[in-house]
Amino acid sequence: MKLTISALFCGLLFSLMAAPIREATVYRTQEKLKIDGLFTEQAWRKAFSLQESVIRGFTSLGKNTHIRYQRRAVALYDDENLYIAMEAFCGSCADLHKGTDIGRSDAVEIFLHINEKKYQIAMDFEGIHYAMPQIEFQGKTEFKEQFWSAEFAIPWKNLGTAVPEKNTLLKFNIAANRASQSRDAGIPITWGNDYQGRNSYLKFAAEIPQPQ
């Protein structure tokens, strides 16, 4: 029995050590962003065009299989807020599910670890807000024919921290407790290999690079 337990423990430890650490670059923006779920500003368009910034490759939790309809997201920041924009593709927005709470609905969840404190900030596809611990943030969702989008502005002051310095790594994940459009509807989906964001990161950089 001891040998079996030791073998299982070693296997689990190896899998955690072998799991890839995911990282996305977040650039500073000087542009004023309107939180409307549309991402029309130049800063968003530029961020979505940069490979190091785009958060993609979402998988079904525990299965390591890519979900059928993918999501993609980027983050920006300024002296006031951390901004996050996400697009969730789907066969049809008519298929999205509204559950009894945000954990049973098609939604987006953001996990941030700041000063040894975990923040969970979420919106469902209808724009209903959730935060634990409770903090104020701006958020808006919008719909197109085959995707829905969510945009967040999360104040640094409400996270109890100053603006991160360049090259800071912030523990972060973007996930969803339920997604109708995954290969297995109802199975949580995640960008990082840990749902709560303990080994995936945002890396803070200077302003968005301009074309040469």
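For the structure itself, consult the block above.
A brief look at the structure comes next. Note that the structure is a prediction, hence the values are computed from the model and not measured. (Residues numbered from 1 in each chain as written. Predicted model: local features only at pLDDT ≥ 70, side-chain atom pairs only at ≥ 80, totals over all residues. Heavy atoms only, no water.)

## Considering the overall build of the protein chain
When its secondary structure is counted, the protein chain shows 2 helices and 12 strands. The buried share among the 212 residues of the protein chain stands at 50%. Here the analysis covers contacts within the protein chain between residues at least 6 apart in sequence; of these, 63% occur between residues at least 24 apart. Counting only carbon and sulfur atoms, one obtains 52% of the accessible surface of the protein chain, whose full area is about 11,300 Å². (Helix = DSSP H or I, 4+ residues; strand = E, 2+ residues; numbered from the N terminus. Buried < 20%, exposed > 50% of the residue type's maximum accessible area, 1.4 Å probe, protein only. Contact = heavy atoms within 4.5 Å. Areas by Shrake-Rupley, 256 points an atom, 1.4 Å probe, with all protein chains shown as cover.)

## Considerations on the pattern of salt bridges
Summed over all chains, the structure comprises 7 salt bridges. With a closest N to O distance of 3.3 Å, Lys 98 and Glu 126 form a salt bridge. Here Lys 98, found in the loop between strand 4 (81-89) and strand 5 (107-114), pairs with Glu 126, found in the loop between strand 6 (117-124) and strand 7 (129-132); they are 28 residues apart in sequence, far enough to count as distant. Owing to a relative accessible area of 39%, Lys 98 belongs among the partly exposed residues under this scheme. A network of salt bridges, in which partner residues are shared, links Lys 98, Asp 124 and Glu 126. (Salt bridge = Lys/Arg side-chain N within 4 Å of Asp/Glu carboxyl O.)

## Considerations on the environment of Ala 150
Positionally, Ala 150 belongs in strand 9 (residues 147-155). Residue Ala 150 is classed as buried on the basis of its relative accessible area of 0%. Excluding its chain neighbours within four sequence positions, the residues that come into contact with Ala 150 are Phe 39, Ile 84, Ala 85, Met 86, Val 108, Met 123, Lys 140 and Thr 141.

## Overview of the packing of aromatic side chains
Applying the stated rule across the entire model yields 9 aromatic pairs. By way of ring pairs, the aromatic residues Phe 39, Trp 44 and Phe 48 are connected into one cluster. (Phe/Tyr/Trp six-rings, centres within 6.5 Å; stacked < 30°, edge-to-face > 60°.)

## Remarks on unusual backbone geometry
In this chain, Met 132 is followed by Pro 133 through a cis amide linkage whose omega measures -5 degrees. Residue placement: Pro 133 occurs in the loop between strand 7 and strand 8 (138-143). A positive phi is found at Phe 39, a non-glycine position, where the angle reads about 60 degrees. With respect to the element layout, Phe 39 can be found in the loop between strand 1 (22-28) and helix 2 (42-48). The backbone phi angle of Asn 115 is positive, close to 50 degrees, even though this residue is not glycine. Judged by relative accessible area, Asn 115 falls into the exposed class, the value being 59%.

## Description of the state of the cysteines
For the structure on display, the rule yields 0 disulfides. Cys 93 provides the cysteine sulfur closest to Cys 90, a residue in no disulfide bond, and the two sulfurs are 3.8 Å apart. (Disulfide = S-S within 2.5 Å.)

## Structural notes on the pairing of strand 1
Pairing of strand 1 with strand 12 (residues 200-207) involves 6 bridges; the strand directions are parallel. In the strand pairing of strand 12, Arg 22 is matched with Ser 200. (Pairing = 2+ DSSP bridges.)

## Looking at the nonpolar core
Leu 82, Leu 112, Ile 121, Phe 152 and Ile 174 are the most contacted members of the largest nonpolar core, which totals 41 residues. Elements with a minimum of two residues in this core: strand 1, strand 3 (71-77), strand 4, strand 5, strand 6, strand 9, strand 10 (169-176) and strand 12. For Phe 152, the residues in contact, after removing those within four places along its chain, are Ile 35, Leu 82, Tyr 83, Ile 84, Val 108, Ile 110, Ile 121, Ala 122, Met 123, Phe 137, Gln 138 and Gly 139. (Core = buried A, V, L, I, M, F, W, Y, C linked by side-chain atoms within 4.5 Å.)

## Description of the environment of Lys 98
For the pair Lys 98 and Asp 124, spaced 26 residues apart in sequence, the C-alpha to C-alpha distance is 8.2 Å. For Lys 98, the contacting residues outside a window of four places in its chain are Ser 105, Asp 124, Phe 125, Glu 126 and Ile 128. In terms of polar contacts, Lys 98 uses its side chain to reach the side chain of Asp 124, at 2.4 Å. Here the side chain of Lys 98 touches Glu 126 through a polar contact of 3.3 Å, side chain to side chain. (Polar contact = N/O pair within 3.5 Å; in protein donor to acceptor, adjacent residues only side chain to side chain.)

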